[in-house]
Amino acid sequence: MYRFFEAVFFRNAKRIAILTAILFVVPSAGTANEKRPSLPPFTKADVPPAPDYSKKASWLAKPEDPDQFDIDILWLYPTVLTGDSAWLMNISRKDLVASAELSIKTEARVFSGQANLYAPLYRQMNLAGFYLPEPERDAIVEYGVHDVRQAFEHYMQHYNKGRPFILAAHSQGSYLLTQLLVKYWGEIGIEDQLIAGYVVGWSITDEDLRDNPSIEICDAAHQTGCFVSYNSVAPGKQKDSPVIFPGAIVVNPLTWTREDTLAPASRNRGSVFMEKSGTYQILPGFASARIANGGLEVVAEDPDRLKSKFFPEGVYHSYDYPLFAENISMNAAQRIQAYLLSGK
């Protein structure tokens, strides 16, 4: 059952090379190599203590009342460890935990009030590890793979209690989830419990589906047991995105189909932006969406709000969830209701 969590993190060398650009792509500020942190060679002495998932401190999020909802959500956060401080994330570092928590406040919050949220902390590899030769890289990332495997096994054994669940992730979290799905989905015995998977900020491709035909891509708002994937860009900026790959399959979060017709901004129930004060601003009709050339082309009312120091102009990777927050929240409710009515 738990072979699902015994994934090999690096399945596709091309994607690894592409990922090195993430968080180092600074417009007009040099190349990714110029942004590479200076870290000494990795040794066993660099390995922080392993998480103990029987303890609350090893979870980024874990419900106070695990029976509050009949549904669970499993969240994999994106990369938070960069710079030259360490090769592996020490889950006791408050600054890194705070960065990971921000993904819950700005992204996973779309599922709040609908399910019990579980998000494991893990010894995440520094993004600089993607520059290393494969044997060295694999030796470092194996600690994160081990932790995620242990976290999900612990969840299934001790917390799930047969409840249906949603899988959700962003960016590198979605990369990890995609590798797990391609490797093991369809043979682990928990597929019937899946309501839906939101694999956002990474590409699920035709090749992935050929490798594992058990993976079903969503094509309707009430469909269950399927997966959603998209990457947001301004029109014509697909080639500038480091996470759009050949054969990428896209689901439009305004229609929840794979049709390439324009979904006007009037269908956007609200983009949600977190202000510096910690409050949220909801902007209905802020952005339209159309599937084109492997990306989700977005025309925003105010593109200046979507600028990021980490990505080229017109690559809206950092806003994949906020741009369609209210639609995702409503869609999660639709799929939950459909699943419960199905009597699975």
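Each remark here, short or long, concerns the structure printed above.
Here the structure is a predicted model, which is why all the values come from computation and not from measurement.

(A) Here's a closer look at the nonpolar core. With 89 residues, the main nonpolar core has Phe111 and Tyr198 as its most contacted residues. Those residues in contact with Phe111 that sit more than four places away from it in its chain are Ile73, Ile166, Ala168, Tyr198, Tyr321, Ile328 and Ala332. One finds Leu39, Leu132, Val141 and Tyr143 within the second-largest nonpolar core, a separate group that totals nine residues.

(B) Geometry of the environment of Thr106. Structurally, Thr106 can be placed in helix H2 (residues 94-106). Residue class for Thr106 comes out partly exposed when judged on its relative accessible area of 25%. Along the chain, Thr106 and Phe273 lie 167 residues apart, while their C-alpha atoms are 7.6 Å from each other. Ignoring any residue separated from it by four or fewer positions in sequence, one finds Thr106 in contact with Met274, Tyr321 and Pro322. Engagement of the side chain of Thr106 in a polar contact is seen with the backbone oxygen of Leu102, the distance being 2.9 Å.

(C) Just the pairing of strand E3 (residues 116-120), in detail. By the criterion of burial, E3 is predominantly enclosed, with four of the five residues buried. Here strand E1 (residues 59-61) pairs with E3 via two bridges, running antiparallel. Along E3, the bridge assignment pairs Ala61 with Ala119. Alignment of strand E2 (residues 72-76) against E3, held across three bridges, turns out to be parallel. Across the sheet, residue Leu74 finds its bridge partner in E3, namely Tyr118. The parallel pair E2 and E3 is bridged by H2, and the resulting crossover is right-handed.

(D) Structural context of the sheet that holds strand E7 (residues 232-233). Here we have three strands laid out as an open sheet, ordered E7-E11-E10, and mixed in their pairing. This sheet does not close on itself; its edge strands, each paired only once, are E7 and strand E10 (290-292). Relative to strand E11 (residues 295-297), E10 runs antiparallel, the two sharing three bridges. When the bridges of E11 are listed, Ala292 appears paired with Gly295.

(E) Broad picture of a nonpolar patch on the surface. Where nonpolar side chains cluster on the molecular surface, the patch consists of Leu102, Met274 and Tyr280 and spans about 240 Å² of accessible area. Tracing the backbone shows Tyr280 in strand E9 (residues 280-283).

(F) The packing of aromatic side chains, seen in detail. Overall, the coordinates contain 16 aromatic pairs when judged by the stated rule. Its end group placed over the ring of Tyr280, Arg109 keeps NZ or CZ at 3.9 Å from the ring centre.

(G) Just the pattern of salt bridges, in detail. Throughout the structure, instances matching the rule amount to nine salt bridges. The partner of Arg93 in a salt bridge is Asp95, and the shortest N-O contact between them spans 2.6 Å. A relative accessible area of 26% places Arg93 in the partly exposed class. Between Asp219 and Arg258 there is a salt bridge whose closest N-O contact spans 3.9 Å. Of this pair, Asp219 sits in the loop between helix H5 (206-211) and strand E6 (226-228) while Arg258 sits in the loop between E7 and strand E8 (271-274); the two residues are 39 residues apart in sequence, bridging distant segments of the chain. On the accessibility criterion, Asp219 (35% relative accessible area) is partly exposed. You can call Arg258 partly exposed: its relative accessible area is 38%. Shared partners join several salt bridges into a network, and the residues in it are Asp67, Asp72 and Arg163.

(H) Region of the structure containing the sheet that holds strand E5 (residues 194-200). The sheet built from six strands is open, its strands ordered E1-E3-E2-E4-E5-E6 with mixed pairing. Strands with a single pairing partner mark the edges of an open sheet, and in this sheet they are E1 and E6. Each neighbouring strand pair of the sheet contributes to a mean axis angle of 20 degrees, computed without reference to strand direction. Contacts between helix H4 (residues 172-184) and the sheet are confined to E2, strand E4 (165-170), E5 and E6, with E4 contributing the most and set at about 130 degrees to the helix. In this fold helix H6 (residues 325-342) packs onto E4, E5 and E6, with an angle of close to 155 degrees to the strand it touches most, E5.

Calculation notes
Residues numbered from 1 in each chain as written. Predicted model: local features only at pLDDT ≥ 70, side-chain atom pairs only at ≥ 80, totals over all residues. Heavy atoms only, no water. Core = buried A, V, L, I, M, F, W, Y, C linked by side-chain atoms within 4.5 Å. Buried < 20%, exposed > 50% of the residue type's maximum accessible area, 1.4 Å probe, protein only. Contact = heavy atoms within 4.5 Å. Helix = DSSP H or I, 4+ residues; strand = E, 2+ residues; numbered from the N terminus. Polar contact = N/O pair within 3.5 Å; in protein donor to acceptor, adjacent residues only side chain to side chain. Pairing = 2+ DSSP bridges. Right-handed = clockwise from strand over helix to strand, strands pointing away. Patch = residues over 30% accessible without salt bridge, like charges linked within 9 Å, V, L, I, M, F, W, Y side chains within 5 Å. Areas by Shrake-Rupley, 256 points an atom, 1.4 Å probe, with all protein chains shown as cover. Salt bridge = Lys/Arg side-chain N within 4 Å of Asp/Glu carboxyl O. Phe/Tyr/Trp six-rings, centres within 6.5 Å; stacked < 30°, edge-to-face > 60°. Lys NZ or Arg CZ within 6 Å of the ring centre and 35° of its normal. Axes fitted to C-alpha atoms, helices over the stretch in contact; angles between N-to-C directions.

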